[in-house]
Amino acid sequence: MNEFDMERVRSADPATGLRAVGALHRLAERVEVEHVAKARAAGWSWEDIGDALGVTRQSVHAKHGKRERNV
Amino acid sequence: MFERFAGEARAVVEDALTEAERRGAVRIASDHLLLALLRNEEIAAAAGTDAAAVQMAADQLDRDALAAIGVSVSEVQLPPSTVKGKRATRMTSGAKEVLKGTLGYAAAEKSPTIAPRHMLLALLDRKEPDPAAVLLAALPVDRGELRERLARAA
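Residues numbered from 1 in each chain as written. Chains lettered and ligands numbered in written order. Predicted model: local features only at pLDDT ≥ 70, side-chain atom pairs only at ≥ 80, totals over all residues. Heavy atoms only, no water.

Looking up chain B in an unreviewed UniProt entry gives the name Clp protease, with the organism given as Leucobacter insecticola.

Quick look at the structure:
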């Protein structure tokens, strides 16, 4: 990918731009799920993961802890 | 309003909740209703498309939107049933309009039941930028012709 071009973002129409935001959220969610699981498998604490994501240990655990218990 | 939905139409609303959650949305929107509705074989046959084709069209719209802002992804897949505990229990105002329209079509026909067909008619009334209207526009569906066919099926 070339350097991110803010001009292209500005030139998109709002329908496209807002749809892209939704798609980016879903992509981010996927990457997060994947890598939180990897970090846990590698022995990271919830605190370590929360720090990496810039959120609290509690919020990351509330969001992903259940998934781990299901596995 | 929802209490008056019975049987198949109620199942569509419930399936729309699943669609919303699969897409990581916190609200049920009109496009989720459309996706759920096209899981109904009769409706899919009438529209000449199916849920898989609509899903592909939705994914393509995502890829195109990302490309337009300079993010290239070869494949955008839905996140696998994302976050537990975050349930999409509420509807967007557009989705509520669709339910209202669905009731309107059933009432106009004096139909004792609210059928999936009434919901497709209501979805066909949506105008862009409504997400269902955007999705319908991306499909090889002749909306005018489909509307006539649905009206004749009354």
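On we go.
Asker: Can you explain the overall build of chain A? Please cite residues and give values.
Answerer: Counting its regular elements, chain A contains four helices and zero strands. Going from N to C terminus, chain A has its helices and strands arranged as α-α-α-α. With respect to the three principal axes, the spread of C-alpha positions in chain A is 45 × 25 × 20 Å. Surface summary for chain A: the accessible area is close to 5100 Å², and the carbon and sulfur share equals 55%. If the 12 positive side-chain charges of chain A are averaged to one point and the 11 negative ones to another, these points end up 8 Å apart. (Helix = DSSP H or I, 4+ residues; strand = E, 2+ residues; numbered from the N terminus. Areas by Shrake-Rupley, 256 points an atom, 1.4 Å probe, with all protein chains shown as cover. Lys, Arg positive; Asp, Glu negative; His and termini not counted. Charge placed at Lys NZ, Arg CZ, Asp CG, Glu CD.)

Asker: Can you lay out helix H4 (residues 51-68) of chain B for me, pointing to particular residues and giving the numbers?
Answerer: In this model, H4 of chain B (18 residues) spans 26 Å end to end at C-alpha, consistent with the 26 Å of a helix rising 1.5 Å per residue. Within the sequence span of H4 of chain B, burial applies to Ala51, Val54, Gln55, Ala57, Ala58, Asp59, Leu61, Asp62, Ala65 and Leu66 of chain B. Turning to H4 of chain B, the residues buried within the fold contact helix H2 (14-41) of chain A together with helix H1 (7-22), helix H2 (30-37) and helix H7 (131-137) of chain B. Sitting at the head of H4 of chain B, Asp50 of chain B places a side-chain oxygen 3.2 Å from the backbone nitrogen of Ala52 of chain B. Positive backbone phi, at 90 degrees, marks Gly70 of chain B, one or two positions downstream of H4 of chain B. (Expected span 1.5 Å × (residues − 1). Buried < 20%, exposed > 50% of the residue type's maximum accessible area, 1.4 Å probe, protein only. Contact = heavy atoms within 4.5 Å. Polar contact = N/O pair within 3.5 Å; in protein donor to acceptor, adjacent residues only side chain to side chain.)

Asker: Residues and numbers for the nonpolar core, please.
Answerer: Counting residues in each nonpolar core, the largest one holds 41 residues, and the members touching the most others are Leu33, Leu34, Met119 and Leu120 of chain B. Elements with a minimum of two residues in this core: H1, H2, helix H3 (41-47), H4, helix H5 (93-108), helix H6 (116-124), H7 and helix H8 (143-152) of chain B. In terms of residue count, the dominant contributor to this core is H6 of chain B (six residues). When residues no more than four places from it in sequence are discounted, the contact partners of Leu34 of chain B are Leu120, Leu123, Ala132, Leu135 and Leu136 of chain B. Counting residues in hydrophobic clusters, the runner-up holds seven residues, among them Ala20 and Ala23 of chain A together with Leu66 and Ile69 of chain B. (Core = buried A, V, L, I, M, F, W, Y, C linked by side-chain atoms within 4.5 Å.)

Asker: Tell me about the side chain of Glu32 of chain A, and please be specific about residues and values.
Answerer: Residue and element names in this part refer to chain A. Considering the arrangement of structural elements, one finds Glu32 in helix H2. Owing to a relative accessible area of 19%, Glu32 belongs among the buried residues under this scheme. Excluding its chain neighbours within four sequence positions, the residues that come into contact with Glu32 are Leu53, Lys63 and His64.

Asker: Tell me about the layout of surface pockets, and name the residues and values.
Answerer: All names here are of chain A. Each pocket or cavity is described by its volume, and for the largest pocket that value is around 950 Å³. It is H2 that contributes the most residues to the lining of the largest pocket, 11 residues altogether. Grouping the amino acids of the lining of the largest pocket by side-chain chemistry returns 15 nonpolar, 10 polar and 11 charged. (1 Å grid on protein atoms, 1.4 Å probe; cavity = no way out; pocket = protein on both sides within 12 Å on 5 of 7 lines; lining within 4 Å. Points joined across faces, edges and corners; volume = space filled by probe spheres on them. Nonpolar A, V, L, I, M, F, W, Y, C, P; charged D, E, K, R; others polar.)

Asker: Describe the pattern of salt bridges, naming the residues involved and giving the relevant values.
Answerer: Charged atoms that come close allow side chains of opposite charge to pair. Under the defined criterion, the tally for this structure stands at 14 salt bridges over all chains. Taking the shortest distance from any N to any O, the salt bridge between Asp62 of chain B and Arg23 of chain B comes out at 2.9 Å. One end of the pair, Asp62 of chain B, is in helix H4; the other, Arg23 of chain B, is in the loop between H1 and strand E1 (27-28), and 39 residues separate them in sequence. The residues Asp62 of chain B and Arg23 of chain B share a single accessibility class, namely buried. Ionic contacts of the salt-bridge type, sharing partners, join the residues Arg19 and Arg26 of chain A together with Arg23, Asp59 and Asp62 of chain B into one network. (Salt bridge = Lys/Arg side-chain N within 4 Å of Asp/Glu carboxyl O.)

Asker: Run through unusual backbone geometry, naming residues and quoting values.
Answerer: The omega torsion across Glu128 of chain B and Pro129 of chain B is 15 degrees, close enough to zero to call that bond cis. Tracing the chain through its elements places Pro129 of chain B in the loop between H6 and H7.

Asker: Account for the confidence of the model for chain A, with residues named and values stated.
Answerer: Summarising the model, chain A shows a mean pLDDT of 90, and 93% of its residues fall at 70 or more. The spread of mean pLDDT over the elements of chain A runs between helix H4 (residues 57-70) of chain A, the lowest at 86, and helix H3 (residues 46-53) of chain A, the highest at 97. (pLDDT = per-residue confidence, 0-100.)

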